[in-house]
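Observations on the model geometry
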Amino acid sequence: MAESQIELAITGMTCASCASRIERKLNKLDGVTATVNYATEKARVTFPADVDPLTLVEQVEAAGYQAALPVVETPSAEAPAEVDPTAALRQRLIASTVLSVPVVLLAMIPALQFTYWQWISLTLAAPVLVWGAWPFHRAAWANLRHGAATMDTLISMGTIAAFAWSLYALLFGTAGTPGMTHPFEFTISRGDGAGAIYLEVAAGVTTFILAGRYFEAKSKRRAGAALRALLELGAKDVAVLRDGREVRVPIAELAVGDRFVVRPGEKIATDGVVAEGSSAVDASMLTGESVPVEVGPGDAVVGATVNAGGRLVVRATRVGSDTQLAQMAKLVEDAQNGKAEAQRLADRISAVFVPIVIALSVGTLAFWLGAGGGVSAAFTAAVAVLIIACPCALGLATPTALLVGTGRGAQLGIIIKGPEVLESTRRVDTVVLDKTGTVTAGRMSLVAVHTASGVDEESVLRLAGALEHASEHPIAKAIAVGAAERVGELPSVEDFQNLEGLGVQGVVDGHAVIVGRERLLAEWGVHLDGSLASSLAEAKQTAEQQGRTAVLVAWDGEARAVLVVADTVKPTSAEAIRQLRALGLTPVLLTGDNEAAARAVAAEVGIDEVIAEVMPADKVDVVARLQAEGKVVAMVGDGVNDAAALAKADLGLAMGTGTDAAIEASDLTLVRGDLLAAVDAIRLSRRTLATIKGNLFWAFAYNVAALPLAAAGLLNPMIAGAAMAFSSVFVVSNSLRLRGFRSTTTSTPLPAPTPTTSTPTTRESYVQNA
């Protein structure tokens, strides 16, 4: 039977367990396979063709959530401003914090307890419980209607119970008496609770949990930014040729078969074939190749790449969702959906903890009523169970460790995007490294000058540098910059000519100079077997065998020099590889560059396994293959072509000097663009994860240890409050220890950058173009 696939927008999820519940509900339908991504709030559903999509929506709603079918977007000249989904939660958090702080201080410091302080606390705590905690109450009610219990259930029950009992004690007990104080004492005694209030619990727990949810929401919002960053790389409008005239239209109006103009420096609007003109196209963001690719009539070009040279007329062959850029966006989304099964540690614990606490509270109430202990004492014990179990410190366990860890990481050039990405760092055993821009600098540099016998290097650089300075080609710019750095000011050029696909020529200091490929020199009767050029042919061949770009220089009818242009290895890369191995990781070099270039870089930095000449989709396949072999893979990259692989990997690390798409698709961002930061990132992530786990343990340990006392009716109200406060202080203090994390960056001076390899413009040599 034919199958269809649809993507539903899901709302109402509050934790990863919600996504699991929706998945189970959808998968109960015959022939339906669903994956729900809590981060992107989407459900990808594969279903039989005879199933109405509205049935899927109804199934989600039956689980207590909302779903919407995809809406076909109509092109508009101006996109609406994006609404910040965390704004409402931030407002709720700020207001609750302002109201809760006085309540907590009044309850915990007897010296502040003036006459009628309890009624001021009631006035401040009420809005926090009703308005601040409303998301928890709403979620708890939805879960209750469907027979489920989550952390929201425990938070809602605990805060309502604390507030309700406080209200009872104030109105009908002795807590409302003028001059009433809460003595701060550690005694265990049975009482009826009529003089105790728990307003600080109701307000404090709400605020702590809101803080955790806010930081979680910020992390969730970033999860979908990879797709937006990818799609924003494309051109926004395009100059279409209609009736011989250029008409600039929005990119959405471009159709297959349209011919459009791309000027130097502009992005190519969509995938197509060159109809007129020739140029160098910088496709490094998409392909990872550091050298621009020469194109001419009949050659295919990809949307979002940059025209680095001459004017092109391109015929569109694919538009919209069919383009390579859109397909890469889909790869990223597919890879992210694979992470939907990862659940938060707190949610996994609460799946068992919440039902047990609720049952224990109900059991405590029933036992004391049955034992004749009195209604007041029975309710006191039952409420005490809920209060002591209410996860006050749990709300701090993850966000405080994450905040301190990310703060320390930012000082070291590391951005950790969320707690859910840390779990894999402990298990990572293989690190896949992109070459261009990650291990290497990602830009062309003049790395060697080979001169013929009797020709001095300064003359070569003056003449060739001056001529290349007049060209716009990226390789020409590398030569011009290198020459200027070594010989200073360059002379002027006369009769400059750019010979498309061959090189450049002109007159410099009275010499007729030619710079370009061997074919251009041959057209002028200059060959590398001349008397002055006996060693140049060998230098050119050696450079090309190493994957470098060789540029020939001739003047006055003789070949004078070979200029070698290449990408350069970052000075810290070799040291970073050594430290990654020390962490027990196996490095793998993965690149779209050619085999010779990749092998040369790998040999220089100490990598044994090399996978070269791969397309963007192939990078995802390589990561998937390594994972299928049982390896836990970390991926380090910087280009758009790495984005899908970064999302697919168990741990994605993006160089901050790279593209927004790569950064957004990653789990960790290395701001300073230094591969040594990857070492620190993995170490810091492991330390942060260990801290979070320790926090979660102690957040429960204090409360669980006091549960038997609460159930026995022996828990003094102040002990309950003090235990919760102490567990919170402990969690914060434990998290602050992450401030002491130290980088392993070596203090030994690192070697200067050394030349490596770069993909030649063609499999031959250098193809020059203005």
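The name an unreviewed UniProt entry assigns to the chain is Cation-transporting P-type ATPase B, from the organism Saccharothrix ecbatanensis. Its UniProt record gives the chain a comment under Sequence similarities (unreviewed entry), which states: "Belongs to the cation transport ATPase (P-type) (TC 3.A.3) family. Type IB subfamily."

On to helix H16 (residues 474–487), then. Given 3.6 residues per helical turn, the α-helix brings residues three or four places apart onto the same face. For H16, which comprises 14 residues, the first-to-last C-alpha distance of 20 Å matches the rise-based estimate of 20 Å (1.5 Å per residue) to within 8%. Listing the buried residues of H16 in full gives Ile475, Ala476, Ala478, Ile479, Ala480, Gly482 and Ala483. Residues of H16 that are buried in the fold lie against strand E16 (445–451), helix H15 (457–469), strand E20 (549–555) and strand E21 (558–566). Directly beyond the C-terminal end of H16, a positive phi value near 85 degrees is found at Gly488.

With that out of the way, let us pick up the sheet that holds strand E23 (residues 586–590). Pairing in this open sheet of seven strands is mixed, and the strands run E14-E27-E26-E25-E15-E23-E24 from one edge to the other. Looking at strand neighbours, the two that pair on one side only are strand E14 (414–416) and strand E24 (609–611), the edges of this open sheet. The average undirected angle you get between the axes of adjacent strands in this sheet is 20 degrees.

So, on to the packing of aromatic side chains. Here the structure, examined in full by the defined rule, presents three aromatic pairs. Look at Tyr168 and Phe172: their rings are 5.9 Å apart centre to centre, the planes differ by 40 degrees, and that puts the pair in the tilted class. With Tyr168 and Phe172 both in helix H6 (residues 151–172) and four residues apart, this pair spans about one turn of that helix. Using a relative accessible area of 34% as the deciding quantity, one classes Tyr168 as partly exposed. Ring centres of Phe367 and Trp368 lie 5.5 Å apart, and the angle between their planes is 80 degrees; this geometry places the pair in the edge-to-face category. In this structure an aromatic cluster arises from ring pairing among Trp165, Tyr168 and Phe172. The ring of Trp131 is capped by Arg92, whose NZ or CZ atom sits 4.9 Å from the centre of that ring.

Attention shifts here to the packing of H15 against H16. Direction vectors running N to C along H15 and H16 enclose 135 degrees, while the axes themselves pass 8 Å from each other. As far as their axial angle goes, H16 and H15 are oblique. Seen from above, H15 lies across H16 with left-handed handedness. In this structure, H15 uses Glu457, Glu458, Leu461, Arg462, Gly465, Glu468 and His469 to contact H16, whose residues at the interface are Ala476, Ile479, Ala480, Ala483, Arg486 and Val487. Partitioned by chemical class, the residues of the contact of H15 with H16 number six nonpolar, two polar and five charged.

Our focus in this paragraph is the nonpolar core. Ranked by internal contacts, the top residues of the largest apolar core, which has 48 residues, are Phe163, Ile197, Leu199 and Val357. At the level of secondary structure, the elements contributing two or more residues to this core comprise helix H3 (87–108), helix H4 (117–132), H6, helix H7 (199–223), helix H11 (345–370), helix H12 (375–389) and helix H24 (676–711). No other element matches the nine residues that H7 contributes to this core. The residues touching Leu199, leaving out its near neighbours within four places in the chain, are Val103, Gln118, Ser121, Leu122, Ala125, Phe163, Ser166 and Leu170. Leu461, Ala466, Val504 and Val565 belong to the second largest nonpolar core, which has 41 residues in total.

Right, let's talk about the confidence of the model for the chain for a bit. On average, the chain scores 78 in pLDDT, and the residues at 70 or more come to 78%. Scored below 50 in pLDDT, residues 73–80 makes one contact in the model with residues more than four places away or belonging to other chains. Counting interchain partners and residues more than four positions distant, the pLDDT-below-50 stretch residues 746–770 has 116 contacts.

With that out of the way, let us pick up the packing of H3 against H4. In contact at an axis separation of 9 Å, H3 and H4 are set at 155 degrees when each is read in the N-to-C sense. When the interaxial angle is binned, H3 and H4 end up roughly antiparallel. Where H3 crosses over H4, the handedness of that crossing is left-handed. The segment H3 lies against H4, with Gln91, Arg92, Ala95, Ser96, Leu99, Ser100, Pro102, Val103, Leu106 and Ala107 engaging Trp117, Ser121, Leu124, Ala125, Pro127, Val128, Trp131 and Gly132. A class-by-class count of the residues in the contact of H3 with H4 yields twelve nonpolar, five polar and one charged.

The next point concerns the UniProt feature "transmembrane region" (unreviewed entry) in the chain. Per the UniProt entry, the sites bearing "transmembrane region" (unreviewed entry) are residues 93–110, 116–134, 154–175, 195–215, 349–371, 377–404, 695–712 and 718–736 in this numbering. End-to-end, the C-alpha atoms of residues 195–215 are 37 Å apart, and along that stretch the chain is 81% helix and 0% strand.

The topology assignment puts Arg737 in the loop between helix H25 (717–736) and strand E28 (754–755). Judged by relative accessible area, Arg737 falls into the exposed class, the value being 60%. In the structure, Arg737 is positioned 46 residues away from Thr691 in sequence and 8.8 Å away in space, judged by C-alpha atoms.

This paragraph deals with the pattern of salt bridges. One pass over the structure, following the stated rule, counts 19 salt bridges. In this structure, the salt-bridge partner of Arg311 is Glu246, at a minimum N-O distance of 3.5 Å. You can see Arg311 sitting in the loop between strand E12 (306–307) and strand E13 (312–318) and its partner Glu246 sitting in strand E6 (residues 245–250), a full 65 residues away along the chain. For the salt bridge of Glu266 with Arg248, the shortest nitrogen-to-oxygen distance reads 3.8 Å. Taken together, the residues span a long stretch of sequence, with Glu266 in the loop between strand E7 (259–262) and strand E8 (271–276) and Arg248 in strand E6 at a distance of 18 residues. Salt bridges here are not isolated pairs; linked through shared partners, they connect Glu7, Lys42 and Arg44.

About the thresholds
Residues numbered from 1 in each chain as written. Predicted model: local features only at pLDDT ≥ 70, side-chain atom pairs only at ≥ 80, totals over all residues. Heavy atoms only, no water. UniProt positions renumbered as here; feature names shortened; annotations may be inferred. Helix = DSSP H or I, 4+ residues; strand = E, 2+ residues; numbered from the N terminus. Expected span 1.5 Å × (residues − 1). Buried < 20%, exposed > 50% of the residue type's maximum accessible area, 1.4 Å probe, protein only. Contact = heavy atoms within 4.5 Å. Pairing = 2+ DSSP bridges. Axes fitted to C-alpha atoms, helices over the stretch in contact; angles between N-to-C directions. Phe/Tyr/Trp six-rings, centres within 6.5 Å; stacked < 30°, edge-to-face > 60°. Lys NZ or Arg CZ within 6 Å of the ring centre and 35° of its normal. Parallel < 35°, antiparallel > 145°, perpendicular 65-115°, else oblique. Left-handed = near helix turned anticlockwise from the far one by under 90°. Nonpolar A, V, L, I, M, F, W, Y, C, P; charged D, E, K, R; others polar. Core = buried A, V, L, I, M, F, W, Y, C linked by side-chain atoms within 4.5 Å. pLDDT = per-residue confidence, 0-100. Salt bridge = Lys/Arg side-chain N within 4 Å of Asp/Glu carboxyl O.

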